[in-house]
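# Remarks on the overall topology
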Amino acid sequence: MSESTFEPAPLDRSASFYVAGHRGLVGSAIWRKLQAEGFENLVGRTSSELDLKDREAVFRFFETEKPRYVVLAAAKVGGILANNTYPVDFLSENLRIQVNVMDAALQHGVERLLFLGSSCIYPKLAPQPLKEEYLLTGHLEPTNDAYAIAKISGILQVQAVRRQYGLPWISAMPTNLYGPGDNFSPNGSHVLPALIRRYEEARLAGAESVTNWGTGSPQREFLHVDDMAEACLHLLEHYDGPEQVNVGVGKDVSIKDLAHLVADAAGYTGSIEWDTTKPDGTPRKLMDVSKLNALGWKAGIELEDGIRSTVAWFREHQDDFRH
Ligand SMILES: NC(=O)c1ccc[n+]([C@@H]2O[C@H](COP(=O)([O-])OP(=O)(O)OC[C@H]3O[C@@H](n4cnc5c(N)ncnc54)[C@H](OP(=O)(O)O)[C@@H]3O)[C@@H](O)[C@H]2O)c1
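If you're wondering where the values come from, they're calculated on a predicted model, not measured in any experiment.

## Considering helix α8 (residues 255-266)
For α8, which comprises 12 residues, the first-to-last C-alpha distance of 16 Å matches the rise-based estimate of 16 Å (1.5 Å per residue) to within 8%. Restricting attention to buried positions, one finds in α8 the residues Ile-255, Leu-258, Ala-259, Leu-261, Val-262, Ala-263, Ala-265 and Ala-266. Along its buried surface, α8 packs onto α6 (191-205), β7 (209-213), β8 (219-220), β11 (253-254), β12 (271-275) and α10 (303-316). A positive phi of about 80 degrees marks Gly-267, the residue just after α8.

## Thoughts on the site of the ligand
Contacts to the ligand come from 24 residues, most closely from Gly-21, Gly-24, Val-26, Ser-47 and Ser-118. Listed by contribution, the elements that provide at least two residues to the shell around the ligand are α1 (25-36) and β6 (176-178). Of the residues that constitute the shell around the ligand, the class distribution is 11 nonpolar, 9 polar and 4 charged.

## Brief notes about the domain arrangement of the chain
In terms of domains, the chain is made up of domain 1 (17-179 + 222-250 + 287-301) and domain 2 (191-219 + 253-285 + 309-316). Taking only C-alpha atoms into account, the centre of domain 1 sits 29 Å from that of domain 2. In this complex, domain 1 contributes 5 residues to the contact, which on the side of domain 2 involves 5 residues. Of the residues that constitute the side of domain 1 that touches domain 2, the class distribution is 2 nonpolar, 3 polar and no charged.

## Examining the UniProt feature "site: Important for catalytic activity" (unreviewed entry) in the chain
Per the UniProt record, "site: Important for catalytic activity" (unreviewed entry) is found at Ser-118 and Cys-120. Take Ser-118: it is sitting in the loop between β4 (112-116) and α5 (145-165). Those residues in contact with Ser-118, other than ones at most four positions away along the chain, are Lys-151, Met-173 and Pro-174. Summarising the element assignment, Cys-120 is placed in the loop between β4 and α5. Apart from residues no more than four positions distant in its own chain, Cys-120 is found in contact with Glu-141, Asn-144, Tyr-147 and Ala-148.

Thresholds applied
Residues numbered from 1 in each chain as written. Predicted model: local features only at pLDDT ≥ 70, side-chain atom pairs only at ≥ 80, totals over all residues. Helix = DSSP H or I, 4+ residues; strand = E, 2+ residues; numbered from the N terminus. Expected span 1.5 Å × (residues − 1). Buried ≥ 20, exposed ≤ 12 C-beta atoms within 10 Å, placed from the backbone. Contact = placed C-beta atoms within 7 Å. Near = placed C-beta within 6 Å. Nonpolar A, V, L, I, M, F, W, Y, C, P; charged D, E, K, R; others polar. Domains from an automatic or database assignment. UniProt positions renumbered as here; feature names shortened; annotations may be inferred.

In structure tokens:
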């Protein structure tokens, strides 16, 4: 048992810094942020160069690169349908990725490690807004329980390393994220990128009306991924504690208002309809971000601005984003 000796301080810009999942939505934003902040020795590997499920390969990689800092933003990620259809893949792949990276990081004495989870770790019926202390106080949403259990186990591994070895590793739980590099595929994408694609295609096709599922009344929170990346660096430089930290904006928007924001940003002028025979999902999902705010960080990108720049990015990258 040892105590962490962490003091809030800027990270060493010349140290080797491994961003696991550096091509993903979150990892690529963290990579851009670290580059902009002057980190000179960033290390990244695609999943075809280094499959993080391959334990021996992961240990060889750490032996060669000897990273001093790690952000673990590599994961098997998907929407409700994928999570519900392939629970074993979400459980097994995420457990293996996390355990391999954290075991190798421990063996090589990585000084700072940030593990990323998501809001699905909180119980289905937890009060809103979701506070960090609600973890493990109730049953999970069954459609993504396998993914959530893998993520909870990652939080626990961080806490166990802290307890047993005194390393100042931490965990952060982001809300719904969006921005450049998102997954805009019609099957696998989350609500915001799906709406961006839908309204952009409707504008191009000159459609007179677009119908969305449900009543549009559920409330959701959205954080721009560049804000998320800034929050990650802030936490690495200012936070040391076993409890995961929520990362969000602390305010939500109805899906109906979101659809109007996206339609405006895409220049779609037709009507917006709602198929109220389709299910709505959870009425509200909002993170309590008072802990993060108390650590000195607040989200800065307004949703309207973030959506506009993401629509612009989508237009510029039609050919190279994930289909
Ligand atoms: N997107 C959100 O709204 C959101 C919200 C809350 C939390 N998060 C969390 O943030 C983290 C990253 O999510 P994301 O949205 O950035 O996902 P993403 O865009 O799908 O990126 C995931 C990355 O993980 C890498 N990866 C997956 N399996 C791998 C393997 N076996 N070996 C090596 N690399 C592998 C992929 O690498 P390649 O590209 O090289 O294949 C990919 O770049 C996850 O832990 C997720 O739970 C995301």
